[in-house]
Amino acid sequence: MSTDVVVLPGADRVPHGFIDLVMDPRSFPRLLFRGVPFRINGWPFHMPDPGVRLVAPAGPIWISGGLGYMGATPARIDFYLPPGQAVRLYYRPSNADWLRGTLSFTLTKSHNSGAKALVIGVLAFMLTAGLSIAVVLGFFLWFTSQLR
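This one's a predicted model, so the numbers in the text were calculated from it and none came from an experiment.

Calculation rules
- Residues numbered from 1 in each chain as written.
- Predicted model: local features only at pLDDT ≥ 70, side-chain atom pairs only at ≥ 80, totals over all residues.
- Heavy atoms only, no water.
- Core = buried A, V, L, I, M, F, W, Y, C linked by side-chain atoms within 4.5 Å.
- Buried < 20%, exposed > 50% of the residue type's maximum accessible area, 1.4 Å probe, protein only.
- Helix = DSSP H or I, 4+ residues; strand = E, 2+ residues; numbered from the N terminus.
- Contact = heavy atoms within 4.5 Å.
- Pairing = 2+ DSSP bridges.
- Axes fitted to C-alpha atoms, helices over the stretch in contact; angles between N-to-C directions.

A. Region of interest: the nonpolar core. In this structure, Ile19, Leu21, Phe38, Ile63 and Phe79 are the most contacted members of the largest nonpolar core, which totals 22 residues. Mapped by element, the contributors of at least two residues to this core are strand 2 (16–23), strand 3 (36–40), strand 4 (43–47), strand 5 (51–57), strand 6 (59–65), strand 7 (75–81) and strand 8 (86–92). For this core, the element with the most residues is strand 7, which contributes four residues. Leave out the neighbours within four places in its chain, and Phe79 touches Ile19, Gly59, Pro60, Ile61, Ile63, Val87, Leu89 and Phe105.

Right, dumping it as C-alpha cells:
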C-alpha cells in the first residue's frame, strides 16, 4: 500500500479514525487508474494511488463512487468508524465499464460473470460469423471455378 495519507475535511478537529482504501490487487489493470472518483460523507475525493490511508471523522461513514459508465450506479458502502480504529476497504473496479465496481471489507470473488459471459458470447459470435463468411466465400469461389 502507498504511504499517502489524506485528511478529510473536519477530521483534524474531532475524534477520528482511519480508512485504508485499497485497490483489489486481483482486479483487471487499468491504464487510466489514477483519479478514481469517490464521495466520502458527501465530500468528493479522487483516489490518487492503488492504496491510500484516509483520516476521517469518527462516526457513520458512507463511501460511494468508483469507475462505472453508461448509467451504472456507483459502488456504495456504509459503516461506523470507531475513534482511533483503522478499517481496511477494498475497491474492485468492474472489468466491463458499464458495470459498477464493489467496495467491501474483504477481497471478494469476481462479480463480473455477466460481463465475462458477454465477452465470450461476442467472441463466439465473431468466430461463427467469420467461419460462416469463409465457408460462403469458399463455396462461391469453388462454384465460379466450375463455371469456366
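What follows picks up the thread again.
B. Summary view of the sheet that holds strand 8. With mixed pairing, the five strands of this open sheet are ordered in space as 1-5-2-8-9. In this open sheet, the two strands that pair with only one neighbour each are strand 1 (5–7) and strand 9 (102–104). On average, each strand axis in the sheet is inclined to that of its neighbour by 25 degrees, with strand direction left out of account. In the sheet, strand 2 pairs with strand 8 via six bridges, with the strands oriented parallel. Bridge assignment links Phe18 to a residue of strand 8, and that residue is Ala86.

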